[in-house]
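Structural characterization, general
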Amino acid sequence: LNPISGFLDSVEGDTARDHSKDNELIERQTGGKGKHSDTFFTMVNETDSDYSIVLNVHTVGVEENREFLRKIHNQGHKPKWFEIGNELNYNTYRKMIPTVEDYIQTATKISRIIRRKFPDAKIGVPIPNPIYGHKNSYKRNKKFQE
């Protein structure tokens, strides 16, 4: 779910995840406004729950994530954990962040934004499975540790 638009992002050429019907339902349910994080934050506040936020880095860019993080910070939310990316090994997403270096660059930019807004939050950076199996996996994994 794109936190800015409130709809599921479709990826060109991704026939396995056609979100048009889901988005039609979201549009009907919300009167065209999309689903946003307000309901989620109401629930965690009412239940005094700890929570994490997974930031989309494939169909949502750094600036859109910055906007979302600014919004939730200004609303007083305090997530304890962030995960930068999800399903990074999904084939359709590879063209969006094609190399380890691209992912590191994106994750670093978003981490800096998180640190400025939420200095006490923990940040998780998933490492996609193909990196583990690559013949240069030691060198690649070392980059994530730096």
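Whatever comes next refers back to the structure up there.
Here's what I pulled together on the structure shown here. None of the values given here were measured: they were computed from a predicted structure.

Points about the pairing of strand S1 (residues 52–55)
Because side chains alternate across S1, one face comprises the buried residues Ile53 and Leu55, and the other comprises Ser52 and Val54, none of which is buried. Note: S1 against strand S2 (residues 81–84), four bridges, orientation parallel. Its bridge partner lying in S2, Val54 is registered against Glu83. Note that the unit made of S1, helix H3 (residues 62–74) and S2 has a crossover that is right-handed.

Let's talk about the pairing of S2
Of the two faces of S2, the one lined by Phe82 and Ile84 is fully buried and the one lined by Trp81 and Glu83 carries no buried residue. With three bridges joining them, S2 and strand S3 (residues 122–124) adopt parallel strand pairing. Within the sheet, the bridge partner assigned to Phe82 lies in S3 and is Ile123.

A closer look at the side chain of Asn65
Structurally, Asn65 is set in helix H3. Apart from the residues within four sequence positions on either side, Asn65 is in contact with Leu55, Asn56, Val60 and Ile110.

A look at the pattern of salt bridges
Under the defined criterion, the tally for this structure stands at two salt bridges. For Lys80, the salt bridge goes to Asp50, with nearest N and O atoms at 3.3 Å. In this pair, Lys80 is assigned in the loop between H3 and S2 and Asp50 in the loop between helix H2 (38–47) and S1, connecting sequence segments 30 residues apart. Residue classification places Lys80 among the partly exposed residues on the basis of a relative accessible area of 40%. Among the salt bridges present, the one from Glu63 reaches Arg66, with a minimum N-O distance of 3.0 Å. Taken as a pair, Glu63 and Arg66 lie in helix H3 at a separation of three residues, close to a single helical turn.

Examining the nonpolar core
Within the largest apolar cluster, 21 residues are counted, with the highest numbers of intra-cluster contacts made by Ile53, Leu55, Leu69, Phe82 and Ile114. Ranked by residue count, the leading element in this core is helix H4 (residues 100–117), at five residues. In contact with Leu69, other than residues within four places in its own chain, are Leu55, Phe82, Ile113, Ile114 and Phe118.

Looking at H4
Its 18 residues place the ends of H4 26 Å apart at the C-alpha level, agreeing with the 26 Å of an ideal helix rising 1.5 Å per residue. Taken as a whole, H4 has its buried residues at Val100, Tyr103, Thr106, Ala107, Ile110, Ser111, Ile113 and Ile114. The buried residues of H4 occupy an angular sector of 160° when projected down its axis, which confines them to one face. Exposed and facing more than 90 degrees away from the buried side of H4 are Arg112 and Arg116.

Here's the deal with unusual backbone geometry
Most peptide bonds take the trans form, and the phi angle of most residues other than glycine is negative. Look at Asp48: it is not a glycine, yet its phi comes out positive at around 50°. Structurally, Asp48 is set in the loop between H2 and S1.

Notes on the sheet that holds S2
The three strands are arranged S1-S2-S3 in an open sheet whose pairing can be described as parallel. In this open sheet, the two strands that pair with only one neighbour each are S1 and S3. In this sheet, adjacent strand axes meet at a mean angle of 20° when their direction is disregarded. Contacting S1, S2 and S3, H4 crosses the sheet at an angle of about 160° to S2.

Rules used throughout
- Residues numbered from 1 in each chain as written.
- Predicted model: local features only at pLDDT ≥ 70, side-chain atom pairs only at ≥ 80, totals over all residues.
- Heavy atoms only, no water.
- Buried < 20%, exposed > 50% of the residue type's maximum accessible area, 1.4 Å probe, protein only.
- Helix = DSSP H or I, 4+ residues; strand = E, 2+ residues; numbered from the N terminus.
- Pairing = 2+ DSSP bridges.
- Right-handed = clockwise from strand over helix to strand, strands pointing away.
- Contact = heavy atoms within 4.5 Å.
- Salt bridge = Lys/Arg side-chain N within 4 Å of Asp/Glu carboxyl O.
- Core = buried A, V, L, I, M, F, W, Y, C linked by side-chain atoms within 4.5 Å.
- Expected span 1.5 Å × (residues − 1).
- Arc of directions from axis to C-beta.
- Axes fitted to C-alpha atoms, helices over the stretch in contact; angles between N-to-C directions.

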